[in-house]
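Spelled out from the first residue to the last, the chains are:
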Amino acid sequence: MPQLLVTAAVTLVAVAVTFAIARARRRYDTIDTFWGLGFAIVAVAAFPFGDGPLSLRVVVVLLTVVWGVRLSVHLHLRNHKLPEDPRYARMGHGPAKMFVRVYLFQAVVLYFVSLPVQFAVDGTGIGVLGWLGIAVWLVGFAFETIGDDQLRRFKADPANRGRVLDTGLWRYTRHPNYFGDACVWWGLYLLACSTWPGAATILSPVAMTFTLARGTGKPLLEKGMARTRPAYAHYVERTSGFFPLPPKKVTPR
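The structure presented is a predicted model; accordingly, all values stated were derived computationally and were not measured.

### Here's the deal with the UniProt feature "transmembrane region" (unreviewed entry) in the protein
Here, UniProt's "transmembrane region" (unreviewed entry) annotation points to residues 6-22, 34-50, 56-77, 98-119 and 125-143. For residues 34-50, helix accounts for 76% and strand for 0%, while the C-alpha atoms at its two ends are 24 Å apart. Within residues 56-77, the helical portion is 100% and the strand portion 0%, while the C-alpha atoms at the span's ends are 32 Å from each other.

Take a look at the structure:
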């Protein structure tokens, strides 16, 4: 599978370029904007080397690019007017350590998570699991896009300062965008399952889901919310942490 070597090289070059841009901007959180775009780049790089039917390769690459570009645009528009993410400021490393501990690490994670896409382009076609994967991707993309838009509108209203968003998709899960993100990658994984090597990449969506639900995604965000919004504790009690569920009936304290 020559695409595995090509995409590895492309990923490293793309991350190095992103690091150079971050240094020029004096903002190491530029890697957040690159995250989604990086997957799109990997998918495009893998496309010409795949042995699968053209229809399958086009669908896999298109879904990956649409998701990745939307996420990158969303994060850039959200972050570029704000101060740098304090997580990066607290690190206080020199450029070399920052490149290795953040950028190179992100490159490895990105490459590993994107394995289903890289193997899917060698698939045999879009079968039952493939169509199921497309459906799961659509659900995830809808949750992520709608959830992000609802949160953006909520934050844009000065009357909501200090309040907790608990309407729309946020009524059923505290993180519709994270849930949607996970669904997107499970959908892409199902598209890779037309071959055994593709099915063997199951640890990639598992790793993405774990990161979102238990790693650097949900837990870190909720710690900050609990400190700054007193009503958040009650919201946590009645609202599912990840998978969308009807809200619980909890009496306010």
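### Digging into the state of the cysteines
Note on terminology: a disulfide is the covalent bond linking the sulfur atoms of two cysteines. Per the counting criterion, the structure on display carries zero disulfides. With no disulfide of its own, Cys183 lies closest to Cys193 among cysteine sulfurs, the gap being 15 Å. Using a relative accessible area of 12% as the deciding quantity, one classes Cys183 as buried. For Cys193, a relative accessible area of 17% corresponds to the buried category.

### Remarks on the packing of aromatic side chains
Applying the stated criterion across every chain, the model contains twelve aromatic pairs. Relative to Tyr28, the ring of Phe19 lies with its centre 6.1 Å away and its plane at 20 degrees, an arrangement referred to as stacked. In this structure Phe19 comes out as buried when scored by relative accessible area, which is 13%. Residue classification places Tyr28 among the buried positions, given a relative accessible area of 15%. Look at Trp137 and Phe141: their rings are 4.8 Å apart centre to centre, the planes differ by 10 degrees, and that puts the pair in the stacked class. Linking Trp137 with Phe141, this pair stays in helix H7 (residues 128-156), spanning four residues, or about one helical turn.

### As for the packing of H7 against helix H8 (residues 176-192)
Two numbers describe how H7 lies on H8: the axes approach to 7 Å, and their chain directions differ by 160 degrees. Taken together, the axes of H7 and H8 lie roughly antiparallel to each other. The handedness of the crossing between H7 and H8 comes out as left-handed. Class assignment of the residues belonging to the contact of H7 with H8 gives a composition of 15 nonpolar, seven polar and three charged.

### Here's the deal with helix H2 (residues 30-46)
An ideal rise of 1.5 Å per residue puts 24 Å on 17 residues; H2 measures up with 24 Å between its terminal C-alpha atoms. The sharpest bend along H2 reaches about 40 degrees and sits at Gly36. In terms of residue burial, H2 counts as a mostly covered element, since 14 of its 17 residues are buried.

### Brief notes about the pattern of salt bridges
For the structure shown, the criterion picks out six salt bridges. Between Arg27 and Asp29 there is a salt bridge; the shortest N-O distance is 2.7 Å. An identical accessibility class is assigned to Arg27 and Asp29; each is buried. Residues Asp166 and Arg238 are paired through a salt bridge, measuring 2.7 Å at the closest nitrogen-oxygen approach. Placement of Asp166 in the loop between H7 and H8 and of Arg238 in helix H12 (residues 232-238) is noted, with a sequence separation of 72 residues between them. The class for Asp166 is partly exposed, based on a relative accessible area of 30%. Ionic contacts of the salt-bridge type, sharing partners, join the residues Arg70, Glu144 and Asp148 into one network.

The rules we used
- One numbering rule holds for all chains: residues counted from 1, following each sequence as written.
- Residue-level local features of this predicted model are given only where pLDDT is at least 70; pairs of side-chain atoms are given and counted only at 80 or more, and the full residue set underlies all totals for whole chains, interfaces and linings.
- In computing side-chain properties, one takes all heavy atoms of the structure into account and sets aside hydrogens as well as water.
- UniProt positions are given in the numbering used here, feature names are shortened, and annotations may be inferred rather than shown by experiment.
- Think of it this way: any DSSP run of H or I at least four residues long counts as a helix, any run of E at least two long counts as a strand, and we number them from the N terminus.
- For this text, the term disulfide refers to a pair of cysteine sulfurs within 2.5 Å.
- Exposure classes here rest on a 1.4 Å probe applied to the protein chains alone. A residue is buried below 20% of its type maximum, exposed above 50%, and partly exposed in between.
- Centres within 6.5 Å make a pair out of two Phe, Tyr or Trp rings, where for Trp the six-membered ring is used; the pair is then stacked when the planes are under 30 degrees apart, edge-to-face when over 60, and tilted otherwise.
- Working convention: axes come from line fits to C-alpha atoms, limited for helices to the stretch in contact. Angles between N-to-C directions cover 0 to 180 degrees.
- When describing relative orientation, an angle under 35 degrees is termed roughly parallel and one over 145 degrees roughly antiparallel, while 65 to 115 degrees is termed roughly perpendicular and anything else oblique.
- A crossing counts as left-handed when the near helix is turned anticlockwise from the far one by less than a right angle, and as right-handed when that turn is clockwise.
- Residues are grouped as follows: Ala, Val, Leu, Ile, Met, Phe, Trp, Tyr, Cys and Pro are nonpolar; Asp, Glu, Lys and Arg are charged; all remaining types, including Gly, are polar.
- A helix is expected to span 1.5 Å multiplied by its residue count minus one.
- A residue's bend is simply the angle between two axes: one fitted to the seven residues ending at it, one to the seven starting at it.
- Each reported salt bridge corresponds to a side-chain nitrogen of Lys or Arg within 4 Å of a carboxyl oxygen of Asp or Glu.

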